[in-house]
Amino acid sequence: MSSKVPPIILNNGVEMPQLGFGVWQVPDDEAERAVATALQAGYRSVDTAAVYGNEEGTGRALASSGIARKDLFVTTKLWTSEQGYDATLRAFDASLERLGLEYVDLYLIHWPAPALAKAVDTYKAFEKIHADGRATSIGVSNFLPEHLEQLLDATSVIPAVNQIELHPRLQQRAAREFHAEQGIATEAWSPLGQGKGLLDVPAIVAIAQKHGRTPAQVVLRWHVQLGNVVIPKSVTPSRIVENIDVYDFELDTEDVAAIGALNEDRRLGPDPADFNVT
Ligand code: NAD
């Protein structure tokens, strides 16, 4: 996989670029432009989901990029309304069709939705999709350790990834430790805290000034040094370029400690323990 982003190695030996491009809240036609810009800037990993409504635009940008399929890493996610064994198989076919792909690199259960109690059956369908070679890796999103434990007890393929909300205000130390013990990669969603009120925090601005970088680059570099997979989103070309340009500087222990002190265990998104929206 040739990219300016070094890979991490998943628990099945597959390489995943550590930094990718997220497209939540980007309308389909705009997603095509944004993903094309990202691929030009050197991103090779794209994170979409059925519920984002932009798998088609994302797929068009991938197809017209001229980049070999083996050099791309495409993630999509199963929406909660489609949980259950048979519904999952059908939803996966529909996602592949919209993306215009023969396989995805990573397929994730979007939310555990514990009140539905369908995650195990859903994941068994994921195991079939994986065994059939149509999802190179499978995993989950927004699973708390207790939800992961249920899967680990009842299924055989250890999830490659758990994609969770993670940024300096919500550092998720316990989840990261649990994932590391189980060999599950931690992927950070809303890595920039959605840009809201995080990028102007004085401690982050000071670190940015010290390194001659932007606050967004400092936060993304912090994720990279923690070992997180990270998928910042932007539709602004200059920011798309800026957000991948984090591999030629390093935060020192003082910087890492200052960002560590910003944790408030504060979520921007729903709590997975009781988010069952279909
Ligand atoms: P993010 O933390 O990536 O923030 C994006 C926002 O930050 C942008 O809209 C913009 O306002 C601002 N921004 C981006 N780059 C900037 C820069 N260089 N300088 C200043 N401001 C900048 O938020 P996100 O989109 O919520 O998360 C990223 C991706 O994570 C999503 O696109 C999606 O792919 C994924 N995600 C997954 C889930 C899930 O449930 N699995 C939930 C939310 C997001």
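Structure: above.
Remember, it's a predicted structure, so these values are computed and weren't measured experimentally.

Looking at the site of the ligand
Then, number 1: In the vicinity of the ligand lie 27 residues, with D47, S141, S190, L192 and N243 positioned nearest.
Then, number 2: Contact between the ligand and Q163: a nitrogen atom at 2.9 Å from a side-chain N or O atom of the residue.
Then, number 3: When the ligand sits alone it has 840 Å² of accessible area, and the protein chains cover 89% of it.

Quick notes on unusual backbone geometry
Then, number 1: For A113, which is not a glycine, the phi torsion comes out positive at approximately 45°.
Then, number 2: With respect to the helices and strands, the residue A113 is situated in the loop between β6 (104–109) and α4 (119–131).
Then, number 3: Residue A113 is classed as buried on the basis of its relative accessible area of 0%.
Then, number 4: With a phi angle near 65°, N142 is a residue other than glycine that sits in the positive phi range.
Then, number 5: Mapping N142 onto the fold places it in the loop between β7 (135–141) and α5 (145–154).

Describing helix α10 (residues 253–260)
Then, number 1: For α10, every residue scored as buried is listed here: D255, I259 and G260. End-on view of α10: buried residues confined to an arc of 135°, all on one side of the axis. Exposed and facing more than 90 degrees away from the buried side of α10 are T253 and E254.
Then, number 2: Considering only its buried residues, α10 is in contact with α6 (173–182), α7 (202–211) and α8 (215–226).
Then, number 3: Of the residues flanking the start of α10, the one acting as N-cap is D252, its side-chain oxygen 3.1 Å from the backbone nitrogen of E254.

A few points about the sheet that holds β6
Then, number 1: Spatial ordering of the open sheet is given by β3-β4-β5-β6-β7-β8-β9-β10, a layout of 8 strands whose pairing is parallel. Edge positions in the sheet fall to β3 (21–22) and β10 (229–230), since each of these pairs with one other strand and no more.

Let's talk about the packing of aromatic side chains
Then, number 1: All told, the structure shown has 6 aromatic pairs when counted by the stated rule.
Then, number 2: In textbook terms, an aromatic cluster arises when at least three aromatic residues are bridged by ring pairs, as seen for F92, Y107, Y123 and F126.
Then, number 3: We note R69 situated over the ring of Y103; from NZ or CZ to the ring centre the distance is 3.9 Å.

Some remarks on the nonpolar core
Then, number 1: F21, V35, Y43, L62 and Y107 are the most contacted members of the largest nonpolar core, which has 64 residues in total.
Then, number 2: In this structure V35 touches F21, V23, V46, T58, A61 and L62, once residues within four positions along its chain are discounted.
Then, number 3: In terms of nonpolar packing, the next biggest core, distinct from the first, is built from 10 residues, F73, L106, V161 and A185 among them.

A few points about the packing of helix α1 (residues 28–41) against helix α2 (residues 55–64)
Then, number 1: In the contact formed by α1 and α2, the axes pass within 7 Å of each other and the chain directions differ by 35°. By crossing handedness, the relation of α1 to α2 is classed as right-handed. Contact with α1, carried on its side by D28, A31, E32, V35, A36 and L39, involves E55, E56, G57, T58, R60, A61 and L62 of α2 and no other residues of that element.
Then, number 2: The residue makeup of the contact of α1 with α2, split by class, is 6 nonpolar, 2 polar and 5 charged.

Re the environment of E242
Then, number 1: When you line up the elements, E242 lands in helix α9 (residues 237–244).
Then, number 2: In this structure E242 comes out as partly exposed when scored by relative accessible area, which is 22%.
Then, number 3: Apart from residues lying up to four places away in sequence, E242 is in contact with T214, A216 and Q217.

Examining the side chain of D28
Then, number 1: Along the polypeptide, D28 turns up in helix α1.
Then, number 2: Reaching out from D28, the side chain makes a polar contact with the backbone nitrogen of G57 at a distance of 2.7 Å.

Considering the side chain of H223
Then, number 1: Structurally, H223 can be placed in helix α8.
Then, number 2: Setting aside chain neighbours within four positions, we find H223 in contact with Q18, L166, H167, A188, P191, N228 and V230.

A closer look at the packing of α4 against α5
Then, number 1: α5 packs onto α4 with a crossing angle of 55° between their chain directions and a minimal axis gap of 10 Å. One element, α4, and the other, α5, form an angle in the oblique class. The element α4 and its partner α5 pack so that their crossing is right-handed. Only Q150, L151 and A154 of α5 make contact with α4, whose side of the interface consists of A119, V120, Y123 and K124.
Then, number 2: Per-class residue counts for the contact of α4 with α5 are 5 nonpolar, 1 polar and 1 charged.

About the criteria used
- Residues numbered from 1 in each chain as written.
- Predicted model: local features only at pLDDT ≥ 70, side-chain atom pairs only at ≥ 80, totals over all residues.
- Heavy atoms only, no water.
- Near = heavy atom within 4 Å.
- Polar contact = N/O pair within 3.5 Å; in protein donor to acceptor, adjacent residues only side chain to side chain.
- Areas by Shrake-Rupley, 256 points an atom, 1.4 Å probe, with all protein chains shown as cover.
- Helix = DSSP H or I, 4+ residues; strand = E, 2+ residues; numbered from the N terminus.
- Buried < 20%, exposed > 50% of the residue type's maximum accessible area, 1.4 Å probe, protein only.
- Arc of directions from axis to C-beta.
- Contact = heavy atoms within 4.5 Å.
- Pairing = 2+ DSSP bridges.
- Phe/Tyr/Trp six-rings, centres within 6.5 Å; stacked < 30°, edge-to-face > 60°.
- Lys NZ or Arg CZ within 6 Å of the ring centre and 35° of its normal.
- Core = buried A, V, L, I, M, F, W, Y, C linked by side-chain atoms within 4.5 Å.
- Axes fitted to C-alpha atoms, helices over the stretch in contact; angles between N-to-C directions.
- Left-handed = near helix turned anticlockwise from the far one by under 90°.
- Nonpolar A, V, L, I, M, F, W, Y, C, P; charged D, E, K, R; others polar.
- Parallel < 35°, antiparallel > 145°, perpendicular 65-115°, else oblique.

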